[in-house]
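One letter stands for each residue in the lines below.
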Amino acid sequence: MLINLHIVNLALIDEIDIDFSEGLNIMTGETGAGKSIIIGSIGIGLGGRFDNSLLRDTEKDGLVELLFSVDSRVAGLLEEEEIEVEDGEVLISRRLVNGRSVNRINDKTVTVGKLKNVAQYLISLHAQHEQRTLLASSKHLEIVDSYSQDIADLKQKVKAAYSDYMAVSEKLEALCLDETERAKRLDYIRYEINDIESARLNAGEDDELEELYKKASNSREVAELTSEALQLTGYDTDGSAGNKISRATRVIQSLNHVDEGAQDLLNMIADIEGLVSDFNRQLSEYAASMEFDEETLRSAEDRLNLINTLKARYGHSIEDVLATLDRLKEEEDSLSSFEETKQKLEKELELQKSKLEKASAKLSDSRKKAAKALCAEISDAMKELNFNDVRFEMKFEPLGKFSANGTDKAEFYISTNIGEEMKPLVDTASGGELSRVMLAIKSVISETEDTPTLVFDEIDVGISGITAEKVGNMMHRLGESRQVLSITHLPQIAAAADTAYVIQKEVTSGKTITGIRRLDEEGRVMELARLLGGASITDSVISSAREMINRN
């Protein structure tokens, strides 16, 4: 539920905090006090328009924050949206800075689109224009679909069947090019296949060639360096290390003949001579292995150029190029055996079409059954809202094509008077009727709708008297299963509140400011008396107000 609404620098609001309660929260206030700003602020928090024209002081930032408490079910849904929930609370924040809005959910910066996706799990706002959107014919099937879990399961099956049908249909469409285009495509595919096959590629050979090319490119420098090292450490010149160490070995041998105590020295010089000899042998072998002729270098370079050209055309690696070759061969086979492939795809398309038709028919039957029950419940709810002679039903027509949502086109029809023909809802309902119809629908589908908080704006448009009292009673019942927020100017609706607030406008330091406060029991009585009596609040009016509250 919505725990707190914090607004800063918006329209007539300097800064306010509103703590909301469970059940039905009703806000009242005189005309022009700023009631619409409160609902408008909630709309901003849910991703609505937020620009400088809405600010009280354009030199300061604007801020709207909505703090929600959520249960484990909603927390799980938010985690799927990559929103972490701590201590069962979610804070949505929108700050307008230098004409740009900064959107955060639990201190994580998000896009407006992300914010809207998250908000749908937390709160549902129904202002006058949202009512018309909700009741537009394009939304009517959604209302029926939300009424039955069986429909949700069948919709998934239709969606899967439609996906399979479209996949085969697209393959067939791609295959059925005209003969000239097909021949062109086949020639081009065969050219590409030959282009790849003629290279006789082997996986990993480009890495081997890169290494070979690197060695061959450096072979001249390697030869010069190894030759210099052999001259310094070998036996070809008198001054080389190998010759000098050999002479030193013979000297130590003579020393050992003179004094046997020099044996350790003889052993050490012998080891050194052996190491130098082994080093020179390995160095000679290394030098030999690094000898490349110009033909080898040129061959490696040409092969690498060919491989890199193919990788540029068909993939980032030899493996990608070979995978492309496999796909090209499949397409070649398909185009070469056009008639056979076409017949197979047509047969498969008919099979998928049959599956889709059956799934769509089951979905349509389930929708019609659910729509009948739903419309009956909505009719009963509307009678509670003083639509005494109402008839309410849904009419189905074939969509005329397959879709992922089935083959139904449906619309609510209504008649509110005896002898009046049924007409489309959106063409006949007045503003006040539309509000009550929407409330009736919400009261019926509230058990299947998971949004924990409902906000109603202008729910009392065009109604009064006993109708208003019935609207208040129904909203109070809605508040028993979820949090409901609404603004009203009618005492009958205000009397049904579990928690009441008054929105007031006052002048401070020469500026008009809108504020809001929560009413205690006596405050509720006096505010209800104001709604009943206007400027003249007598004892009898106060008594009537107290009686209205006690009845609820």
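Numbering of residues begins from 1 in every chain and follows the order in which that chain's sequence is written. The model is predicted, so local features are restricted to residues of pLDDT at least 70 and side-chain atom pairs to those at 80 or more, both for listing and for counting; the totals for chains, interfaces and linings are taken over all residues. Neither water nor hydrogens contribute to the side-chain values; these are computed over all heavy atoms in the structure.

1. A word on the overall build of the protein
To be explicit about the condition: Only DSSP runs of H or I covering at least 4 residues are called helices, and only runs of E covering at least 2 are called strands; the numbering of each starts at the N terminus. Think of it in three bands: with a 1.4 Å probe and only protein chains considered, a residue is buried below 20% of the maximum accessible area for its type, exposed above 50%, and partly exposed in between. Contacts are residue-level and defined by heavy atoms, with any inter-residue pair within 4.5 Å sufficient.
Within the protein one finds 20 helices and 15 strands. Seen through its principal axes, the protein has C-alpha atoms that stretch 140 × 75 × 45 Å. By the burial criterion, 44% of the 552 residues in the protein qualify as buried. Considering only residue pairs separated by 6 or more positions, the protein has 69% of its internal contacts joining residues 24 or more positions apart.

2. Focus: the pairing of strand β6 (residues 100–105)
The criterion, for reference: Pairs of strands are assigned from DSSP output, requiring at least two bridges between the strands.
Bridge count between strand β5 (residues 89–97) and β6: 6 bridges; the pairing is antiparallel. Along β6, the bridge assignment pairs R95 with V102. The loop that links β5 with its antiparallel partner β6 comprises 2 residues; one of these, N98, has a positive phi angle of about 50°. Alignment of β6 against strand β7 (residues 108–109), held across 2 bridges, turns out to be antiparallel. Bridged to R104 within β7 is T109. As consecutive antiparallel partners, β6 and β7 are separated by 2 residues, and within that stretch N106 has a phi angle of approximately 50°, a positive value.

3. Thoughts on the sheet that holds strand β11 (residues 423–424)
In plain terms, the rule: To obtain each axis, a line is fitted to C-alpha atoms, and for helices this fit is confined to the stretch in contact; angles are then taken between N-to-C directions over 0 to 180 degrees.
Spatial ordering of the open sheet is given by β9-β10-β11, a layout of 3 strands whose pairing is antiparallel. Looking at the sheet topology across the chains shown, the edges are occupied by β9 (391–398) and β11. Sheet topology note: the strand β10 (residues 408–415)/β11 ladder contains 2 bridges and is antiparallel. Residue pairing for β11: I414 is matched across the bridge by K423. This element, helix α5 (residues 137–145), spans β9 and β10 of the sheet and lies at about 95° to β10. Seen against the sheet, helix α14 (residues 338–384) touches β9 and β10 and runs at an angle of roughly 160° to β9.

4. Description of helix α19 (residues 521–533)
What sets the pattern is the α-helix's 3.6 residues per turn: residues three or four places apart point alike. Test applied: One less than the number of residues in a helix, times 1.5 Å, gives the span that helix is expected to have.
In this model α19 runs 18 Å from its N-terminal to its C-terminal C-alpha over 13 residues, within 8% of the 18 Å that 1.5 Å per residue would give. Along α19, the residues classified as buried are G523, R524, V525, E527, L528, A529, R530 and L531. Looking at the buried residues of α19, the elements they touch are β3 (24–29), α18 (491–494), β14 (499–508) and α20 (539–551).

5. Section: the sheet that holds strand β15 (residues 511–518)
Pairing within the open sheet is mixed, and its 6 strands lie in the order β8-β12-β13-β3-β14-β15. At either end of the open sheet lies a strand with only one pairing partner, and these are β8 (123–126) and β15. Sheet twist, expressed as the mean angle between neighbouring strand axes with direction ignored, is 15°. With 8 bridges connecting them, β14 and β15 associate as antiparallel partners. Bridge pairing in β15 links K505 to T514. Each of β3, β8, β12 (453–456), β13 (483–487) and β14 touches helix α1 (residues 35–45); the most contacted strand, β13, lies at about 135° to it. Contacting β3, β12 and β13, helix α17 (residues 465–478) runs over the sheet at an angle of about 135° to β3.

6. Focus: the packing of helix α6 (residues 149–175) against α14
Which entries qualify depends on this criterion: Oblique is the label for any angle not covered by the other classes, which are roughly parallel (under 35 degrees), roughly antiparallel (over 145) and roughly perpendicular (65 to 115). The crossing is said to be left-handed when, going from far helix to near helix, the turn is anticlockwise and less than a right angle, and right-handed when the turn is clockwise. Only Asp, Glu, Lys and Arg are considered charged in this grouping, and only Ala, Val, Leu, Ile, Met, Phe, Trp, Tyr, Cys and Pro are considered nonpolar; every other residue, Gly among them, is considered polar.
In the contact formed by α6 and α14, the axes pass within 8 Å of each other and the chain directions differ by 160°. Overall, the two elements α6 and α14 adopt an arrangement that is roughly antiparallel. Viewed along their axes, α6 and α14 form a crossing whose handedness is left-handed. Residue composition of the contact of α6 with α14, grouped by class: 16 nonpolar, 5 polar and 10 charged.

7. Description of the pattern of salt bridges
We count it as follows: Any carboxyl oxygen of Asp or Glu that lies within 4 Å of a side-chain nitrogen of Lys or Arg is treated as forming a salt bridge with it.
Summed over all chains, the structure comprises 19 salt bridges. The partner of D195 in a salt bridge is R313, and the shortest N-O contact between them spans 2.6 Å. Placement of D195 in helix α7 (residues 179–197) and of R313 in helix α12 (residues 294–314) is noted, with a sequence separation of 118 residues between them. The salt bridge partner of R303 is E205, with a shortest N-O separation of 2.9 Å. Within this pair, whereas R303 is found in helix α12, its partner E205 is found in helix α8 (residues 205–217), the two being separated by 98 residues in sequence. Look at E205 and you get buried, because its relative accessible area is 12%.

8. Examining unusual backbone geometry
Glycine aside, residues mostly have negative phi, and peptide bonds are mostly found in the trans state. You will see that N98, though not glycine, has its phi angle at about 50°, which is positive. Residue placement: N98 occurs in the loop between β5 and β6. Assessed through its relative accessible area of 75%, N98 is described here as exposed. A positive phi angle is found at R200, which is not glycine, with a value near 50°. With respect to the helices and strands, R200 occurs in the loop between α7 and α8.

Everything listed here is a matter of coordinates, which is why it stays silent on function.
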